[in-house]
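Residue strings, one per chain:
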Amino acid sequence: MKVAWAGSREAFQVSDRMAKLVANDPVFEKFSKPMLGRKELFKNTLRKAAYAWKLINDLRLTEEEAKWLRHYIDEPNYTDLHWEMFVPAIEGQGTKEQKKKWLPLAQTMQIIGTYAQTELGHGSNVQGLETTATFDRQTDEFVMHSPTLTSSKWWPGGMAKVATHAIVYARLIIDGLFHGVHGFIVQLRSLEDHSPLPGLTLGDIGMKFGHGTYNTMDNGVLRFDHVRIPRNQMLMRVSQVTKEGKYAQSDVPRQLLYGTMVSVRQTIVADASKALSRAVCIATRYSVVRRQFGSRNGGPETQVIDYKTQQSRLFPLLASAYAFRFVGEWLKSLYIDVKQRLEANDFSTLPETHACTAGLKALTTAATADGIEECRKLCGGHGYLISSGLPELFAFYVPACSYEGENVVMMLQVARFLVKTVSNLGYKQPVGTAAYLGRVTPLLQNNCAVQTAEDWLNPDAILEAFEARAARMVIGCGERLAMFENPEEGFAELSIDLVEASLAHCQLITVSVFIQKLNHEIPGNGVKRSLEVLCYVYALFLLHKHQGDFLATGYLTPKQASLANEQLRTLYSKVRPNAIAFVDSFNHMDHYLCSVLGRYDGNVYPKLYEAAWKDPLNDSDIVDGIQQYVQPILKQKLHYAKL
Ligand SMILES: CCCCC/C=C\C/C=C\C/C=C\C/C=C\C/C=C\C=C\C(=O)SCCNC(=O)CCNC(=O)[C@H](O)C(C)(C)COP(=O)(O)OP(=O)(O)OC[C@H]1O[C@@H](n2cnc3c(N)ncnc32)[C@H](O)[C@@H]1OP(=O)(O)O
Ligand SMILES: Cc1cc2nc3c(=O)[nH]c(=O)nc-3n(C[C@H](O)[C@H](O)[C@H](O)COP(=O)(O)OP(=O)(O)OC[C@H]3O[C@@H](n4cnc5c(N)ncnc54)[C@H](O)[C@@H]3O)c2cc1C
């Protein structure tokens, strides 16, 4: 199962080696992080990042190994933006000459970059960005300027204190004419003494949610006061500006300017299963250790994992972790394919890839963020302790619902893709993830054939149910949209239904990828049978949760919906004996989990007790402030009624 989770034996070995490397090195200790102040926390992260870079070079780690190393170090920092956004932006949007000049510098970290798109006033609406890049023909330069307070760049990670360079997105202006938003490579700091270059205001935007997690990152604010950069620092794969000030667009579609976001959204989907599996591992192990009620004749109480209600909250999350792992793997292969096509100037699959990355990013991050919080509740009161590992994980994870495309905004992008697909149905056969929309007639006419709970243990029945629900919701939206004279008005009016239809479409993708995975790639019958159980749990849990959709679209009868729920309860009993094996298969080490409740050895209570004594408040019996503020109250002998 560990191999099935990792994707291959080689993938398992690489990640396992890196997990052990990090866990066994005292530099990467992280248990004390929540006790550090911001400055110490930040410096500590700089130290770890520098040491990691040294390890990567000394041990000659491959790109894959380096990624896993950074993952297990488990502290967001400037290198994330450098590797995940700055470098890909140059790769995807730079010309050959630009790549030749900038990539070697970035790949050896002689320069450190960030991705400066969002502004104080605009994040989602990229076309609404206000920073200007005005071409000056006399000097062959662009003048970068922040004309308003709301045009201040706001959020870019690593920008406040570390990055020497940034890809800055700004409105291109030539001779007073606006030519859309483009990316520019801008140097921010001196490579000699790290001071901000003249004309730039740079700072940190302040503390963020949680304590020890995202505050390791220096998210920054940046303002330009007429800062000049050479013309050849505009990323010119999509559009070019000549030294005469002529603006030209190549055959490459404008959407490629958004390509870096496609790449990172794909990574975010692949990473969702890491965060969810981490929370599920903690909650499952603890649910086996924790006992409440049910003691007979002085015997042990019941393990809380044996309560059906605990299972009904925990096991769907376990199944979701596996579903997200497989859909992440699938999306990665879709992305690798589109990347190769884009390099060869084939842009045909970009719209579908954009819809998949946007929608699955929204689906997986929302479910993971909610799932981590559910796991905290599944651990009862102790889940609220930092030493459970869950509060910090939650604080680290929740912004994923906002960054790289706010989730609702992303679902509306999926909706645009679906509406376009439906309106083209007469003359263009949909392919890939939208192919089911080409079979609308049977999907709209046939109803579910399930008659017993057992009938739900059938991939075809499940797939057809999810296809019919998505098709009916999408087509329904399309029909109602057609009644509006102004399509944009209609889209806005129906946006709530469109977001729901998009979610149905994305859930169909996750369910069908899980089923495909079972059909083709699982080594070992035992592993395959166990994963089949999780696949059914995932699908029937979604069906139960959204049964309103399945009933309202008329595909299911109430009886069939209740049979699905009956089967789901039976499936929980099949998951129970393997629950620990399922979470051990994630291969999360204690160092990575950083959780007393989720320890591999199950030795929870003594370690919980021990962890409490490490709190700085327990350094002495009488702490600072007691004599000054508490003792006087005790000694005054006043009664509040007399005050
Ligand atoms: C604790 C452990 C840490 C360890 C870490 C270890 C390793 C790290 C690994 C990975 C890192 C992973 C995650 C990162 C971690 C943390 C986060 C850090 C950084 C975060 C960065 C950011 O957030 S960067 C800013 C991101 N901003 C956004 O996403 C903005 C969202 N808005 C948009 O994308 C768009 O503007 C839009 C989609 C809303 C479009 O708006 P609209 O005005 O309607 O569109 P346009 O007119 O501009 O264009 C419309 C046409 O373009 C198509 N389209 C839109 N987007 C794309 C796209 N991306 N690709 C292709 N096509 C696109 C759209 O379909 C329209 O097409 P048609 O015209 O044909 O219909
Ligand atoms: C931790 C973190 C790290 C980040 N790192 C970076 C970075 O490195 N570089 C960078 O450039 N940016 C970064 N960002 C910024 C991030 O990309 C934006 O915050 C994100 O894209 C959301 O945009 P917004 O803040 O403008 O949200 P808004 O769009 O203002 O969202 C507010 C609300 O409005 C709703 N809404 C907006 N538009 C619509 C619409 N058309 N229809 C319906 N509802 C709508 C949203 O659903 C949401 O509920 C980071 C953000 C965070 C939290």
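Thresholds applied
- Residues numbered from 1 in each chain as written.
- Chains lettered and ligands numbered in written order.
- Predicted model: local features only at pLDDT ≥ 70, side-chain atom pairs only at ≥ 80, totals over all residues.
- Heavy atoms only, no water.
- Helix = DSSP H or I, 4+ residues; strand = E, 2+ residues; numbered from the N terminus.
- Expected span 1.5 Å × (residues − 1).
- Buried < 20%, exposed > 50% of the residue type's maximum accessible area, 1.4 Å probe, protein only.
- Polar contact = N/O pair within 3.5 Å; in protein donor to acceptor, adjacent residues only side chain to side chain.
- Patch = residues over 30% accessible without salt bridge, like charges linked within 9 Å, V, L, I, M, F, W, Y side chains within 5 Å.
- Areas by Shrake-Rupley, 256 points an atom, 1.4 Å probe, with all protein chains shown as cover.
- Salt bridge = Lys/Arg side-chain N within 4 Å of Asp/Glu carboxyl O.
- Near = heavy atom within 4 Å.
- Nonpolar A, V, L, I, M, F, W, Y, C, P; charged D, E, K, R; others polar.
- Domains from an automatic or database assignment.
- Pairing = 2+ DSSP bridges.
- Buried area = accessible area lost by both parts, 1.4 Å probe.

The subject of this paragraph is helix α13 (residues 459-481). When the terminal C-alpha atoms of α13 are compared, their 33 Å separation across 23 residues agrees well with the 33 Å that a helix rising 1.5 Å per residue should span. When you tally the buried positions in α13, you get 17 out of 23 residues, the bulk of the element. Between a side-chain oxygen at the N-terminus of α13 and the backbone nitrogen of D460 the separation is 2.9 Å; the capping residue is N458.

Take a nonpolar patch on the surface next. A cluster of nonpolar side chains, contributed by I622, I626, Y629, V630 and L634, occupies part of the molecular surface with about 500 Å² of accessible area. Looking at the secondary structure, you find Y629 in helix α22 (residues 626-636).

For ligand 1, the set of nearby residues contains 32 residues, the closest of which are S124, Y258, R265, G405 and K420. Contact between ligand 1 and Q127: an oxygen atom at 3.4 Å from a side-chain N or O atom of the residue. Between ligand 1 and the protein, one listed contact pairs a nitrogen atom with a side-chain N or O atom of H354 at 3.4 Å. Its free accessible area being 1,500 Å², ligand 1 has 79% of it covered by the protein chains. Listing elements by their share of the shell around ligand 1, those giving two or more residues are α5 (78-93), α7 (259-289), α9 (350-378) and α11 (407-423). If you tally residues by element for the shell around ligand 1, the top one is α7, at six residues. Its residues assigned to classes, the shell around ligand 1 shows 14 nonpolar, ten polar and eight charged. Two domains share the shell around ligand 1, each providing at least three of its residues, namely domain 1 (89-250) and domain 2 (259-584).

Let us look at the sheet that holds strand β8 (residues 220-224). Backbone-to-backbone hydrogen bonds join strands into a sheet, with any given pair of strands oriented parallel or antiparallel. What the three strands build is an open sheet, ordered β4-β8-β7; its pairing is antiparallel. Of all the strands in the sheet, just β4 (153-154) and β7 (200-204) have a single pairing partner and so form its edges. With five bridges joining them, β7 and β8 adopt antiparallel strand pairing. Its bridge partner lying in β8, G203 is registered against V221.

So, about the pairing of strand β2 (residues 132-136). Within β2, four of the five residues are buried, which leaves the element mostly enclosed by the surrounding structure. Summarising the sheet, β2 and strand β3 (residues 141-145) pair through five bridges and their orientation is antiparallel. Paired with D136 across the bridge in β3 is E141. Between β2 and the antiparallel strand that follows it, β3, lie four residues; D140 among them carries a positive phi value of about 60°. Both β2 and strand β5 (residues 165-174) contribute to a ladder of three bridges, which runs parallel. When the bridges of β5 are listed, T134 appears paired with I173.

On to the environment of Q127, then. Inspection of the secondary structure puts Q127 in the loop between β1 (113-116) and β2. Along the chain, Q127 and Y169 lie 42 residues apart, while their C-alpha atoms are 9.9 Å from each other.

As a further point, take the domain arrangement of the protein. Structurally, the protein comprises domain 1 (89-250) and domain 2 (259-584). Using C-alpha coordinates to define each centre, domain 1 is positioned 36 Å away from domain 2. Between domain 1 and domain 2 lies a buried interface of about 1,000 Å² when both sides are counted; carbon and sulfur atoms form 58% of it. The interface formed by domain 1 and domain 2 holds zero salt bridges in total. Our enumeration of links across domain 1 and domain 2 arrives at three residue pairs in polar contact (both at pLDDT 80 or more). Counting residues per element, the side of domain 1 that touches domain 2 draws most heavily on α5, which supplies three residues.

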